[in-house]
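Take a look at the letters that make up each chain.
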Amino acid sequence: MSQKIIWIDNLRATACLMVVMIHSTTYYVTSGFSIGQINWDVANLLNSASRVCVPLFFMISGYLFFGEKSAQGRHVLHVLRCLLFYSALGLLYISMLTHINPWLSIRYFLVKPVFYHLWFFYAILALYIISPLISVRAVSARYLAIVVAVLAVIANPNLPQYSYQGIKLFPINLHISGDMFYYLLYALMGRSLGTLHTEQRRISWSAALTFIGCVAAIAFSTYRQTLHNGGFADTYYMYCGPLVFIASCAIFLFFKNNFNHSQSRWMAFISRHSLAIYGFHAFFIHFIRTHHLDARSWPLVDIFMVFFFALAGSLLCSWALGKIDRKGWVS
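Conventions and cut-offs
- Residues numbered from 1 in each chain as written.
- Predicted model: local features only at pLDDT ≥ 70, side-chain atom pairs only at ≥ 80, totals over all residues.
- Heavy atoms only, no water.
- Buried < 20%, exposed > 50% of the residue type's maximum accessible area, 1.4 Å probe, protein only.
- Helix = DSSP H or I, 4+ residues; strand = E, 2+ residues; numbered from the N terminus.
- Arc of directions from axis to C-beta.
- Contact = heavy atoms within 4.5 Å.
- Phe/Tyr/Trp six-rings, centres within 6.5 Å; stacked < 30°, edge-to-face > 60°.
- Lys NZ or Arg CZ within 6 Å of the ring centre and 35° of its normal.
- Core = buried A, V, L, I, M, F, W, Y, C linked by side-chain atoms within 4.5 Å.
- Axes fitted to C-alpha atoms, helices over the stretch in contact; angles between N-to-C directions.
- Parallel < 35°, antiparallel > 145°, perpendicular 65-115°, else oblique.
- Left-handed = near helix turned anticlockwise from the far one by under 90°.
- Nonpolar A, V, L, I, M, F, W, Y, C, P; charged D, E, K, R; others polar.

Notes on helix H11 (residues 265–272)
Moving on, step 1. Every buried residue belonging to H11 is among Met267, Ile270 and Ser271, and all of these are buried. Take H11 and look down its axis: the buried residues cluster within an arc of 100 degrees, on one side only. Those residues of H11 that are exposed and angled more than 90 degrees off the buried face are Arg265 and Arg272.

In structure tokens, the structure reads:
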């Protein structure tokens, strides 16, 4: 296994765990301060630190498929099969364990995922389809910094508006609209950052401090906005927001520099089952929450308990699926 694959595997495993953490903390974050200030603060911090998970998946795909190699027809078919398989599971879950009308999900299947987390397959499918058209050239770190500053920050429509004496200054209008632009930009940045020569200690420290600073800013800004609105506000949680974008690039570089020499069996195991973990985990969390199998009287204990059972249940399902799906059609 090459060093590049090792750090990509470590990053994929970490992003997968972050996805489960986001959905494990969502109930408490959206409940507002009614659960207790300390409990909400911890849930907010865990969720803020995990917001980079989905961007990292796009960056990994860009690194792998926006260079010398591109996604082939078999990759597109694999995503399609996974979308159909987990959508079918979602319909089965909705029909048997919820009061939701499954026919509505079937009716809007082409424009809306059956279950909330399956939207990712629609977006990654688009990237795979266009990847043969894209081959990212090597550029300087300075140029990439300018791209991030302009497109991901000051021209980002998710940037809160700023005016001075009645004159609107930010975000500037470069006619950027739609999250898909930023998912593509994440993929482009993944390839560009992945090919840079950044193996220096000062860069690693800068990346780590940048990530920590962005997480702190996301958590604090979310707290302020929630306090101001009198209820939860996801303004700074958005995957395409400026702080999440910078944090994603920073943690990507940190893993590239520091996790490319060895890999624990545990991380390798999580990475190998990451697709199934993503596909299954939301069903476990939804079932636990809606059937009152959680421990809401102890929010901090509950977060990690739900995280553990969702992860363990997903791994068990992944193992069982692997026994059935010998050809790896959806696993």
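What follows picks up the thread again.
Considerations on helix H6 (residues 119–130)
Moving on, step 1. Along H6, the residues that are buried comprise Phe120, Phe121, Ala123, Ile124, Leu125, Leu127 and Tyr128.
Moving on, step 2. The inward-facing, buried residues of H6 contact helix H3 (53–65), helix H4 (73–97), helix H8 (179–195) and helix H12 (274–290).

Thoughts on the packing of aromatic side chains
Moving on, step 1. According to the stated counting rule, one finds 35 aromatic pairs in the structure shown.
Moving on, step 2. With a centroid separation of 5.3 Å and 50 degrees between ring planes, the pair formed by Phe58 and Phe120 is classed as tilted. Linking Phe58 in helix H3 with Phe120 in helix H6, this pair joins segments that are 62 residues apart in sequence. Residue Phe58 shares its accessibility class with Phe120, and that shared class is buried.
Moving on, step 3. Where Trp119 meets Tyr239, the ring centres are 6.2 Å apart and the plane angle is 25 degrees; that geometry is what we call stacked. Pair noted here: Trp119 is in helix H6 and Tyr239 is in the loop between helix H9 (201–229) and helix H10 (242–258), with a separation of 120 residues, a long-range link.
Moving on, step 4. For Tyr239, a relative accessible area of 17% gives the class buried.
Moving on, step 5. A network of ring pairs unites the aromatic residues Phe57, Phe58, Phe85, Tyr86, Trp119, Phe120, Phe121, Tyr183, Tyr239, Tyr278 and Phe280 as a single cluster.
Moving on, step 6. The ring of Tyr63 is capped by Arg191, whose NZ or CZ atom sits 5.5 Å from the centre of that ring.
Moving on, step 7. Note that Arg296 overlies the ring of Tyr27, its terminal NZ or CZ placed 4.3 Å from the centroid.

A look at the nonpolar core
Moving on, step 1. Residues Phe58, Met189, Leu193 and Phe245 are the most contacted members of the largest nonpolar core, which totals 96 residues.
Moving on, step 2. In contact with Leu193, other than residues within four places in its own chain, are Met59, Leu144, Cys249, Phe252, Leu253 and Lys256.

Points about the packing of H9 against H10
Moving on, step 1. For the pair H9 and H10, the least separation of the axes is 8 Å and the interaxial angle reads 150 degrees. As far as their axial angle goes, H10 and H9 are roughly antiparallel. Handedness of the crossing formed by H9 with H10: left-handed. Listed contacts from H10 to Ile203, Ser204, Ala207, Ala208, Thr210, Phe211, Cys214, Ala217 and Ile218 of H9 are Leu243, Val244, Ile246, Ala247, Ala250, Ile251, Leu253, Phe254, Asn257 and Asn258.
Moving on, step 2. Classifying every residue of the contact of H9 with H10 gives 15 nonpolar, four polar and no charged.

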